[in-house]
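# Understanding the architecture of this molecule
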Amino acid sequence: MTNSQDSRLVDMQNAEVGELQDYYDRWSAKYDSDLEALGYEAPKVAALTLAQCDLDSESAVLDVGCGTGLTGQALFEKGFKNITGLDISNASLELASAKNCYRQLTQGDINEKFAFPDNAFAAAQCIGTLSYVRNIPAFMRELCRVVMPQGFIMFTHRQDLHDDTFKGYLASLATEGKWELVDHSEPKPYLPNFEDFDSEQDIHYDVYRVLA
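First, a word on what this report is: a plain description of the structure on this page.

## Quick look at the pairing of strand β7 (residues 203-210)
In terms of burial, β7 is largely enclosed, as seven of its eight residues are buried. Pairing of strand β5 (residues 147-158) with β7 involves seven bridges; the strand directions are antiparallel. Counted as the bridge partner of F152 is R209 from β7.

What follows is the structure, encoded as structure tokens:
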């Protein structure tokens, strides 16, 4: 991946839905190789983290912003066999389907209400995608809606974006009794081979247990 492509990726955080969909459709063919070149390990770290939760191989897991399926593939390799992927890019979903690690793939905007019933999943994860979420509290509530009580929600977020406002959103849901914190990791590398990122762009892995 070239530096110009890297910079464009960062700029896409504020893109409109159609622009974002088109961008990832066009990037999908090179996405896996580009991320590998940048040292992207988040899917594997996330899968290892979720595997340490009280879940079995048939636990239904929602992979939000699944892209080309790197995240689902990592979950599958850790023994999860009932994975549903959600992403805005149809081209990316086609590549995810080819990895044969998802039972279901759904195209949709993660900023809208999910097309899944209440309590449909034992766990949900959102890896490397929160910077595209326009309304964090609404998004987290939607995750709580589709994950059953005592299920798990895991997400990553960059350290420079994990600010007091973001922490306040998470704390307010805990105060309301929606969830409780299970684990908040130390900062870990995000794209270690991307020269425009330093330790401020390292990421935290957060795990919450849904209460209601």
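## What about helix α3 (residues 42-51)?
When α3 is considered as a whole, its buried residues turn out to be A42, P43, A46, A47, T49 and L50. Around the axis of α3, the buried residues are gathered within 160 degrees of arc, so they sit on the same side. If you follow the buried residues of α3, they end up packed against β1 (61-64), α4 (70-77), β4 (121-126), β5 and β7.

## With respect to the side chain of T106
Take T106: it is sitting in strand β3 (residues 104-107). Looking at T106, its side chain comes within polar contact range of the side chain of Q104, at 3.4 Å. Contacts of T106, omitting those with residues within four sequence positions, involve G85, L86, D87, L93 and F116.

## Some points on the packing of aromatic side chains
One pass over the structure, following the stated rule, counts 15 aromatic pairs. Judged by centre distance (5.6 Å) and plane angle (45 degrees), the ring pair of Y23 and W27 falls under tilted. Of the two residues, Y23 and W27 both sit in helix α2 (residues 17-37), four residues apart, roughly one turn of that helix. Here the aromatic rings of W179 and Y208 are separated by 4.0 Å at their centres, their planes lie at 25 degrees, and the arrangement is stacked. Taken together, the positions of W179 in strand β6 (residues 179-184) and Y208 in strand β7 put the pair 29 residues apart, joining distant regions of the chain. Taken as a pair, W179 and Y208 share a single burial class, namely buried.

## Quick notes on unusual backbone geometry
We note that N119 has phi near 60 degrees; this positive angle belongs to a residue other than glycine. By relative accessible area, N119 is classed as partly exposed at 41%. You will see that Q150, though not glycine, has its phi angle at about 75 degrees, which is positive. Secondary-structure assignment places Q150 in strand β5. Here Q150 falls in the partly exposed class, since its relative accessible area comes to 47%.

## As for the environment of I88
Relative to the assigned elements, I88 resides in the loop between β2 (83-87) and α5 (90-98). Measuring from C-alpha to C-alpha, the distance between I88 and D25 comes to 9.0 Å, with 63 residues separating the pair along the chain. The contact partners of I88, leaving out residues within four places of it in the chain, are V17, Q21, Q107 and G108.

What counts, and at which threshold
Residues numbered from 1 in each chain as written. Predicted model: local features only at pLDDT ≥ 70, side-chain atom pairs only at ≥ 80, totals over all residues. Heavy atoms only, no water. Buried < 20%, exposed > 50% of the residue type's maximum accessible area, 1.4 Å probe, protein only. Helix = DSSP H or I, 4+ residues; strand = E, 2+ residues; numbered from the N terminus. Pairing = 2+ DSSP bridges. Arc of directions from axis to C-beta. Contact = heavy atoms within 4.5 Å. Polar contact = N/O pair within 3.5 Å; in protein donor to acceptor, adjacent residues only side chain to side chain. Phe/Tyr/Trp six-rings, centres within 6.5 Å; stacked < 30°, edge-to-face > 60°.

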